[in-house]
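So you can see what is in the structure, the chains are spelled out below.
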Amino acid sequence: MQLYYVRKANDADLAQISEIFEQAKSILKQDGSPQWQNGAPTLMDFKNDIAKQQCYVLIVNQEVAGMATLQIGPDPNYQVISNGFWKQTSDYMVIHRVAIAFKYSGLHLNEFFFSNLLTLCRQNFKRVRIDTHERNLKMQHILNKFGFKECGVINVNDPVDPKRKAYELIMN
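Only a predicted model underlies this, so the values are computations on that prediction, with no experimental measurement involved.

1. Re the overall build of the chain
Inference 1: Along its length, the chain carries 4 helices and 7 strands.
Inference 2: Put simply, the chain runs from its N terminus to its C terminus through helices and strands in the order β-α-α-β-β-β-α-β-α-β-β.
Inference 3: Expected size for 172 residues packed as a compact globule is a radius of gyration near 16 Å; at 15 Å, the chain falls within 12% of this value.
Inference 4: Counting only C-alpha atoms, the chain reaches 45 × 35 × 30 Å along its principal axes.
Inference 5: Residues counted as buried form 48% of the 172 residues belonging to the chain.
Inference 6: Contacts in the chain between residues at least 24 apart in sequence constitute 69% of all its contacts with a sequence separation of at least 6.
Inference 7: Here the chain has roughly 9,200 Å² of accessible surface; of this, 50% comes from carbon and sulfur atoms.
Inference 8: Taken together, the 20 basic and 17 acidic charged side chains of the chain have centroids lying 4 Å from each other.

2. Notes on the environment of Phe 102
Inference 1: Note that Phe 102 resides in the loop between β4 (93-100) and α3 (109-122).
Inference 2: For Phe 102, the residues in contact, after removing those within four places along its chain, are Gln 23 and Ile 27.

3. A look at the pattern of salt bridges
Charged atoms that come close allow side chains of opposite charge to pair.
Inference 1: All told, the structure shown has 9 salt bridges when counted by the stated rule.
Inference 2: Notably, a salt bridge pairs Asp 13 with Arg 7, separated by 2.8 Å at the nearest N-O pair.
Inference 3: With a relative accessible area of 25%, Arg 7 lands in the partly exposed category.
Inference 4: In this structure, Arg 164 and Asp 158 form a salt bridge, with 2.9 Å as the shortest nitrogen-oxygen distance. You'll find Arg 164 and Asp 158 in the same group, each marked buried.

Analysis parameters
Residues numbered from 1 in each chain as written. Predicted model: local features only at pLDDT ≥ 70, side-chain atom pairs only at ≥ 80, totals over all residues. Heavy atoms only, no water. Helix = DSSP H or I, 4+ residues; strand = E, 2+ residues; numbered from the N terminus. Rg over C-alpha atoms; globule rule 2.2 N^0.38 Å. Buried < 20%, exposed > 50% of the residue type's maximum accessible area, 1.4 Å probe, protein only. Contact = heavy atoms within 4.5 Å. Areas by Shrake-Rupley, 256 points an atom, 1.4 Å probe, with all protein chains shown as cover. Lys, Arg positive; Asp, Glu negative; His and termini not counted. Charge placed at Lys NZ, Arg CZ, Asp CG, Glu CD. Salt bridge = Lys/Arg side-chain N within 4 Å of Asp/Glu carboxyl O.

So yeah, pure geometry; function would need other evidence.
Here you go:
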């Protein structure tokens, strides 16, 4: 039986996080998405996430298999939303930079990882927000599966294509 769990990332995880991120960028590019193709986020972003204790890793048999960042809102990118509206405006968590290592694809680890991320979010907040590019159908599938509702379009700092679909989950 394999042991799966989620923990806060540390500096020793940075090489694996970077490798997983590069794999995710490649998959997004193959899927025709410009998301993460402009050099952001950077290694420094991941270092900062770790220093702020906002980066989490999915561990499978003592190996980093995935990563994500959990930030307390407000997120400046979410201040302006078009083609819709946020369901709630009070405090929320934001999930950013989610990726699973390529060698673990097909094992449905996204479901386990997201379930754990939402548990971490729910410890302090009832609302969770996330965004993704319109061509990132894999992420959209996961978000729909977990009950996230599409709320509109936000813009991020991306010179190629700043538009992102914005989602929100309200957990009672």
